[in-house]
Amino acid sequence: MAPAPLSLPAIHASHVGIWLCDANGRTQRVGRGEAIAAVAATPHLLLGAPLTGDRLGYPELSGLDLLELFAFLYPARFAVPTPAGLAAALGLAPPPTEDAVAAFLPQAAAAMLASLEDPGWPEREGAWHSLQALVRQRWPWAPLVQPRLDAPEKSDRWLFARLPEWEEAPPRPQPRQVCVNAEAVAARLDRLTGDGAERRPGQRDYARSAAAVFAPRERKDAPHLLVAEAGTGIGKTLGYLAPAKQWIDEAAGSICISTFTKALQRQLARETERLYPDPEVHREKVVVRKGRENYLCLLNLEDALQGGFSGRAAILAQLVARWAAYSRDGDMIGGDLPGWLPALFRRNGTTALTDRRGECIYAGCPHFRKCFIERSTRAAAQADIVIANHALTMVQAARPRDGGAPATRLIFDEGHHLWDAADSMFAAALTGQEAIEIRRWVLGPEGKARGRRRGLAARLADVASYDEAGDKAIQAAIQAAGELPGDGWLGRLAENQPWGAIERLLAAARAMVYARGADPKSADSGYGLETELADPDPELVAAAAGASDAIEALLRPLMALGKRLDALIEDPPDWLDGQARARVDGARHSLGTRIDTLGGWLSLLGRVGGPADPDFVDWLAIDRYDGREFDCGLHRHWLDPARPVAEAVYRPAQGVLVTSATLRNGARGADDWEDADIRTGARHIGASVRHFAVPSPFDYARQSEVLIVTDIARGDLPALAGAYSRLIEASGGGALGLFSAIRRLRIVHARIADRLARAGLPLYAQHVDPLDTGTLVDIFRADPHASLLGTDALRDGVDVPGESLRLVVMEGVPWPRPTILHAARRAAQGGSRYDDMVIRGRIGQAFGRLIRRADDFGQFVMLSPSVPSRLLSAFPEGTPIRRLPLDEAVNHVAAANVRHRESAYAAFSPS
């Protein structure tokens, strides 16, 4: 029997309207003023305070948020943060209409509170202890939870007692040299796909081809490299997992699967359950790895729980502690921490709970043996399959000290993103934000700064007391770091009063950008300003010389300190026990990273007033957001960022598979791999590269169509908004709208959200709704009537099969931004041909969101009257493409929606 609803008032606000439900269960629709007065006077039940407050126009809204209660009661459980999503998570009937939501909230709250009296509630341990702290923090739910939660008969194990300790293990031996048999791979693929599954020849051919990368390498620096394009629906994941598992079993080796998006990391983790069905074995054999900044830092959390946080942030810390006790791996970004939880606190404090750069004290931490990051690192060293992201894979290959020896077999899924990932990984930036980070790493807290960040002297006090040369190096580094920018540097630059050699360099760079760059008043406020690092003025040349001296003055003692630490490890003194050794190893790791950064800065400064390096593109930039400066400095990127990938990542490996559904960017010829080899870096490897392509099995002529709208003028925002609204209405929702500029996205959303909501079609948007992208996609996926507007992250990172995504609307041709970097690469790679390659890749990725299953149907609409015909090869062969005015496009979409509803009715109606 369901518990009686709570006798508390509730509020629900949407684009349709605002409803209040009183304590007796009576619901009425009210205006904004009446609603704001009611919630200001009495705390109301609500679902998602930031989003409700945004809809209400009252950003300071607070009350009894059901999502906070859910996070306390069910840590690490998934729930879509909507009324229907909450109902599904609780096993309740969802509210049928918008006006029934307010009355539903007291029912949902009562159902959740009933868990406290359920003897089978699995997350009971630790709840009473956590509640006592939340009572002290005056958590709004505490008075309702406290009477229902009895103290445990024996003391609860608190978080730091519950977490298991990791154990050291010997390194894995080198894999045996074996050749994987193609027939054995095909047989394993059959077992993985399951009895009775449809045999897909394309998938079998793909698996046999992928087996080649697991053969022994014939000569040094010549890996078996396969560049393979597998059309959507081939099943490429199982296609490469079959030969990978065969090789793992025969060679006792390990592989690294690298991806670009967190969504694919999660998907791969689920797919590998077919290889290891037992959950405990899967946990041991498959490890998902991310950068350190993704994981909860237990020492930061302890500081927050012991008074480092106050107010709402202190409540967040308690809820995160509840989650940490039940989390699979402590991953706060894309893991099992609800993505909506930080948004409830307006991101107040979450960054302070992760492992920030230069902060970790390794073995000096009291939680070192329970650290999520260290556990992940050690688990990965013993795992058969490590699922990482492109950036981390490149870091491990380029800097083996950052994560152990790289794997000998690498699989790069989402290989079309390798270029962008490498562009970020192998770049150098001498900016104010980067420089102040190194200053803080060397000096530690200054002035009134709070926190546990410690400088070099504090982290290596035992080394300094033992080794005189090491102590001198530390003191010299501290003195030299004083020349780096300190707090308030941006203000000093704005007032033209720089302090120190690096600030003088930044001031000269900033002045040169304003002198030569675009007029800031005419530039898009969402972007920064930039100018080429060519023919620099005398002020910049002089400032660069002074900055070089200052950086060398810091680099020399850091390098000397690195040698002293190496000597300690090679000839350890008596006091260097296990913990001290781990602490020194941690210092060596972070020291090496900073030395590399400083070396990159010196190389960049050598360019100022000197000859250009043809391998690099150098420029000056002022970074801005909404017209406000937040950073400035000098930048260097590889002209071809795939070159260092080939040298640092591919060549040391034995075998590499680079795969994606869109590697060739619409190339029609079977032998046309030029674009793919450019973007992946395969052209730098030579004769050992192989290519393989298999087209999608989907019938795009039947399952899709492309509509190019010819009567929406570029820059006509009212017409653009009207087109989005009419198309979404015609499709009945299920639309993904893609924009190349945040400003236009916000304008369109503001014009059409209310209208669509009145038609029963919820509209959500990146950069508008106070929710993270992952949560927005979860909401979109769960509601076939919802639509979602977004930018590049949605073009590449959305996997929504089925009815929830049946229309993609792109505002126009996704032309590349005319930056200095793009102009240089365009000139080097053939001018407009390079542009076309980039654009076709973007269009192909956007179209790829539509058809994910054999029974999907989708339409792709481009609101641009002048899409060049040469770009249309981005769409799969056979896809119908029509150029037509908006009215006809709306009719096409509406007719397809009617057909879809009729076929769905026929499929589910009794015969």
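Up top is the structure these notes are about.
Not measured: the values here are computed from a predicted model.

**Digging into the packing of helix α9 (residues 182-193) against helix α10 (residues 201-210)**
Step number 1: Where α9 contacts α10, the two axes come as close as 9 Å, and the packing angle between them is 130°. Considering the angle they form, α9 stands oblique to α10. Pair α9 / α10 crosses with right-handed handedness. Contact residues: Ala182, Glu183, Val185, Ala186, Leu189, Asp190 and Thr193 in α9; Gln203, Arg204, Ala207 and Arg208 in α10.

**Remarks on the pattern of salt bridges**
Step number 1: A full pass over the atoms with the stated rule returns 43 salt bridges.
Step number 2: The salt bridge involving Asp769 is made with Arg55; its shortest N-O contact spans 2.9 Å. Note that Asp769 is positioned in the loop between β19 (763-765) and α33 (773-782) and Arg55 in helix α2 (residues 49-56), a separation of 714 residues in sequence.
Step number 3: Here Asp769 falls in the buried class, since its relative accessible area comes to 4%.
Step number 4: Across the pair Glu229 and Arg664 runs a salt bridge whose closest N-O atoms are separated by 3.2 Å. Taken together, the positions of Glu229 in strand β6 (residues 224-230) and Arg664 in the loop between β15 (655-660) and α29 (674-680) put the pair 435 residues apart, joining distant regions of the chain. Both residues of the pair, Glu229 and Arg664, belong to the buried class.
Step number 5: One network of salt bridges, with partners in common, ties together Glu674, Asp675, Arg833 and Arg840.

**Looking at the sheet that holds strand β22 (residues 858-862)**
Step number 1: Reading across the sheet, the seven strands line up as β19-β20-β18-β21-β22-β17-β23 and stay open at both edges, with parallel pairing between neighbours. The open sheet is flanked by β19 and β23 (881-884), the only strands paired with a single partner. When the angles between neighbouring strand axes are averaged without regard to direction, this sheet yields 20°.
Step number 2: Alignment of strand β21 (residues 807-810) against β22, held across four bridges, turns out to be parallel. Opposite Leu807, over in β22, you have Gln859 as the bridge partner.
Step number 3: Together, β18 (735-738), β19, β20 (787-790), β21 and β22 form the strand contacts of helix α31 (residues 717-731), whose direction differs from that of β21 by roughly 175°.
Step number 4: Together, β18, β19 and β20 form the strand contacts of α33, whose direction differs from that of β20 by roughly 150°.

**A closer look at the side chain of His224**
Step number 1: Position of His224 among the secondary structure elements: in strand β6.
Step number 2: His224 gets classed as buried once you look at its relative accessible area, which sits at 13%.
Step number 3: Aside from chain neighbours lying at most four places away, what touches His224 is Ala212, Val213, Ala215, Pro216, Arg217, Glu218, Gln654, Gly655, Val656 and Ser688.

**Regarding the packing of aromatic side chains**
Step number 1: Under the definition given, this model contains 14 aromatic pairs.
Step number 2: Aromatic pair Phe70 and Trp340: ring centres 6.3 Å apart, planes at 70°, arrangement edge-to-face. Note that Phe70 is positioned in helix α3 (residues 66-73) and Trp340 in helix α16 (residues 340-344), a separation of 270 residues in sequence.
Step number 3: On the basis of relative accessibility, which here comes to 2%, the residue Trp340 falls in the buried class.
Step number 4: Here Phe860 and Phe875 contribute two aromatic rings whose centre-to-centre distance is 5.3 Å and whose plane-to-plane angle is 65°, an arrangement assigned as edge-to-face. Taken together, the positions of Phe860 in strand β22 and Phe875 in the loop between β22 and β23 put the pair 15 residues apart, joining distant regions of the chain.
Step number 5: Phe875 sits in the buried class, given a relative accessible area of 1%.
Step number 6: Site record: aromatic cluster; members linked through ring pairs are Phe698, Tyr700, Phe847, Phe860 and Phe875.

Rules used throughout
- Residues numbered from 1 in each chain as written.
- Predicted model: local features only at pLDDT ≥ 70, side-chain atom pairs only at ≥ 80, totals over all residues.
- Heavy atoms only, no water.
- Axes fitted to C-alpha atoms, helices over the stretch in contact; angles between N-to-C directions.
- Helix = DSSP H or I, 4+ residues; strand = E, 2+ residues; numbered from the N terminus.
- Parallel < 35°, antiparallel > 145°, perpendicular 65-115°, else oblique.
- Left-handed = near helix turned anticlockwise from the far one by under 90°.
- Contact = heavy atoms within 4.5 Å.
- Salt bridge = Lys/Arg side-chain N within 4 Å of Asp/Glu carboxyl O.
- Buried < 20%, exposed > 50% of the residue type's maximum accessible area, 1.4 Å probe, protein only.
- Pairing = 2+ DSSP bridges.
- Phe/Tyr/Trp six-rings, centres within 6.5 Å; stacked < 30°, edge-to-face > 60°.

So, to be careful, I would describe these as geometric facts and stop short of saying anything about function.
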